[in-house]
Amino acid sequence: MVSSRRSGGGARASLGSGAAGCGATRGRAPLVPSTPTEWKKSPDMAYDLLVRNGRLIDGTGGPAREGDVAIQDGRIVAVGRVDGPARREIDADGRAVMPGFVDVHTHYDGQATWDPDLAPSVYHGVTTAVMGNCGVGFAPVRPGQEGFLIELMEGVEDIPGTTLHEGIDWSWESFPEYLEALEGRRFTMDLGTQVPHGSIRAYVMGVAGSLRAPRSPIT
Ligand SMILES: [Zn+2]
């Protein structure tokens, strides 16, 4: 991901593939060699993409360094000082080049049902987002409880209820149906979701679930 810039599909797919290594690979070997030795190209062969003159931060915890990143067939094949040619080049001078970020705490549960961009996270370099946090979300939903779940999200996360009322089409009831609705969409990044406990509680207990009602005896 080249920061401060919305990367093209190739750059995002390639550099973003290291997303899991952001932080997680601290102390391990770099994801790619620091010099372009592993992959040999013939002189007349062009890289698919060459990101030049970036400030490389590879996610290993090592210091940043100036350099280029070459991508071929969707994979990073060379890092360091890389000679072209390339079918496409990005001048990353003055910018940081790094694996995509994994944002494990988001609330895109509603927005993901209408917004393929998942903005603004995409502008921040996020390549994987996890939602369903803090117990709030929109599945499962019992017919008639939609407004309650929106109020819960609005109250906990300050996401405007008007926007959620306008945007969500409620084409699901169960959590698997919600996943199916998401599955049919395309996004700028990978998306995962937890099962929100507030939605389950409302589905099982109804309004009593938010009124501190005593639990039913276990039989
Ligand atoms: Zn939260």
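Our subject is the structure listed above.
The present account deals with the structure reproduced in this document.

**Looking at unusual backbone geometry**
Following Ala119, the chain continues to Pro120 via a peptide bond in cis, the omega torsion being 10°. For Pro120, the location among the structural elements is in the loop between strand E6 (101-103) and strand E7 (126-131). The residue after Ala139, namely Pro140, is reached through a cis peptide bond having omega 0°. Residue placement: Pro140 occurs in the loop between E7 and helix H2 (146-157). Positive phi values are uncommon outside glycine, yet Asn53 reaches one of about 60°. Within the fold, Asn53 resides in strand E1 (residues 49-56). Notably, Asp73 is not glycine yet its phi reads approximately 50°, a positive angle. Within the secondary structure, Asp73 is located in the loop between strand E2 (65-72) and strand E3 (75-80).

**Comments concerning the pairing of E2**
Pairing between E1 and E2: six bridges, direction antiparallel. Bridge pairing in E2 places Gly54 opposite Gly67. In terms of strand pairing, E2 meets E3 through five bridges, oriented antiparallel. Looking at the pairing, Ala70 lines up with Ala78 of E3. Taken together, E2 and the strand that follows it, E3, pair antiparallel across an intervening segment of two residues, in which Asp73 is found at a positive phi of about 50°.

**Description of the environment of Glu151**
Along the chain, Glu151 turns up in helix H2. For Glu151, a count of 13 C-beta atoms within 10 Å corresponds to the partly exposed category.

Calculation rules
Residues numbered from 1 in each chain as written. Predicted model: local features only at pLDDT ≥ 70, side-chain atom pairs only at ≥ 80, totals over all residues. Helix = DSSP H or I, 4+ residues; strand = E, 2+ residues; numbered from the N terminus. Pairing = 2+ DSSP bridges. Buried ≥ 20, exposed ≤ 12 C-beta atoms within 10 Å, placed from the backbone.

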